[in-house]
Amino acid sequence: MTLFDHHIHSDRSDGTVSLADRAKSVSVRPHGVSDHYPWREKIRDDDDVRRYLDDAARLGLRVGLELDLGVAPALRPSTRDALHYLIGAIHQVEIAPGEWIRYDDAGAFLKGRVTSFNDAQRYVDAELQRRIRERTLEVVRAGIESDRIDILGHATMGPLAALRDPETAFPAEWQERLIQMCVGADVAIEVNEAYGVPHREFLDLAQRLGARFSVGSDTHFELRPLDKTMAMIRGASLDESRFLAGRRVREPV
Ligand SMILES: [Zn+2]
Ligand SMILES: [Zn+2]
């Protein structure tokens, strides 16, 4: 069974490959495109999303978006419905008014682009960890209820995962709250190739709680084999029939 890869970037946000070239690689394995929203001057608002959707769909691509949870302007319901699926993902959280924690450095470390996470010491602080976790739950809840995402992208990516002890940084009861939110709304949990998240115990728990899953290579470059993803799926014995296949399964409102 070839799993559908939902999470792929193009040069319409920060990827290097054109939509036309992405349309060619669907013969290598089935995949869609899901560029960042918002993304600087390229995908700023609902009208830009419609243009992106039209351009990609005309090439025969399945079209999603990677909506920046907690940051993205609301989409019109008709735009959300016209997309084939909607990924929501966190790249920064506001833990107090005006106080943002950005995930870029942790992300680069998790991707293996840098060999150390220089800020690690700061994130050992229990109170800071708690605020990040609580804010994550709030932002995901809003993404599920208001933005109506179909997939939670790279659920645990961030500074806490970069500490490399996820079962301490993400207590089981917190994992359960996050997973139950997704299960309750039929939102799939992404197995993310680029960051290698979520970790094994999280995936085990998600499967026990009846979650759906989604493959996301999260590539910004050429399509590469899903080695890490397949190891994660096999490691947690995830049921491949629970993976999304390029279309949403959430009931309309
Ligand atoms: Zn992302
Ligand atoms: Zn991405």
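Structure first, text after, so check above.
Keep in mind that what you see is a predicted model, and the values were worked out from it rather than measured.

**Q** Whenever I open this one, the coordination of the zinc ion (ligand 2) confuses me. Can you help?
**A** Six octahedrally arranged donors around a metal ideally form angles of 90 or 180 degrees; four tetrahedrally arranged donors ideally form angles of 109.5 degrees. Each protein donor to the zinc ion (ligand 2) is listed here as His-7 (NE2), His-9 (NE2), Glu-66 (OE) and Asp-218 (OD); together their distances run 2.0 to 2.2 Å. For the zinc ion (ligand 2), the four donor atoms are set out with angles of 81 to 170 degrees between them, so the coordination reads as irregular. In the primary sequence, the donor residues of the zinc ion (ligand 2) line up as H-x1-H-x56-E-x151-D. In this structure the zinc ion (ligand 1) is found 3.4 Å away from the zinc ion (ligand 2), and Glu-66 serves as a bridging donor for the pair. Of this pair, His-7 sits in the segment before α1 (19–24) while Asp-218 is found in the loop between β8 (213–216) and α9 (227–235), placing the two residues 211 residues apart along the sequence.

**Q** Quick question: what am I supposed to make of the environment of Gly-235 here?
**A** Structurally, Gly-235 is set in helix α9. Along the sequence, Gly-235 and Glu-201 sit 34 residues apart, while their C-alpha atoms lie 9.9 Å from each other.

**Q** Got a minute to help me understand the sheet that holds β8 in this structure?
**A** Remark on secondary structure: sheet strands pair via backbone hydrogen bonds, oriented parallel or antiparallel. Ordered in space as β1-β2-β3-β6-β7-β8, the six strands form an open sheet in which the pairing is parallel. In this open sheet, the two strands that pair with only one neighbour each are β1 (32–37) and β8. Across two bridges, strand β3 (residues 87–89) lies against strand β6 (residues 151–152) in parallel orientation. When the sheet's bridge partners are listed, Ile-87 is paired in β6 with Ile-151.

**Q** Any chance you could explain unusual backbone geometry here in plain terms?
**A** Outside of glycine, negative phi angles account for most residues, and trans bonds account for most peptide bonds. The amide bond that connects Tyr-37 to the next residue, Pro-38, takes the cis arrangement and shows omega of -5 degrees. Here Pro-38 shows up in the loop between β1 and α2 (46–58). Following Val-197, the chain continues to Pro-198 via a peptide bond in cis, the omega torsion being -5 degrees. With respect to the secondary-structure elements, Pro-198 resides in the loop between β7 (188–192) and α8 (200–208). Backbone geometry places Asp-186, a non-glycine residue, at a positive phi of 60 degrees. Looking at where Asp-186 falls in the secondary structure, it is placed in the loop between α7 (172–185) and β7. One non-glycine residue, Ser-237, lies in positive phi territory at about 45 degrees. Within the secondary structure, Ser-237 sits in the segment after α9.

Cut-offs applied
- Residues numbered from 1 in each chain as written.
- Chains lettered and ligands numbered in written order.
- Predicted model: local features only at pLDDT ≥ 70, side-chain atom pairs only at ≥ 80, totals over all residues.
- Heavy atoms only, no water.
- Donors = N, O, S within 2.8 Å, 3.2 Å for Na, K, Ca; no water.
- Tetrahedral: all angles 85-135°; square planar, octahedral: opposite > 155°, others 65-115°.
- Helix = DSSP H or I, 4+ residues; strand = E, 2+ residues; numbered from the N terminus.
- Pairing = 2+ DSSP bridges.

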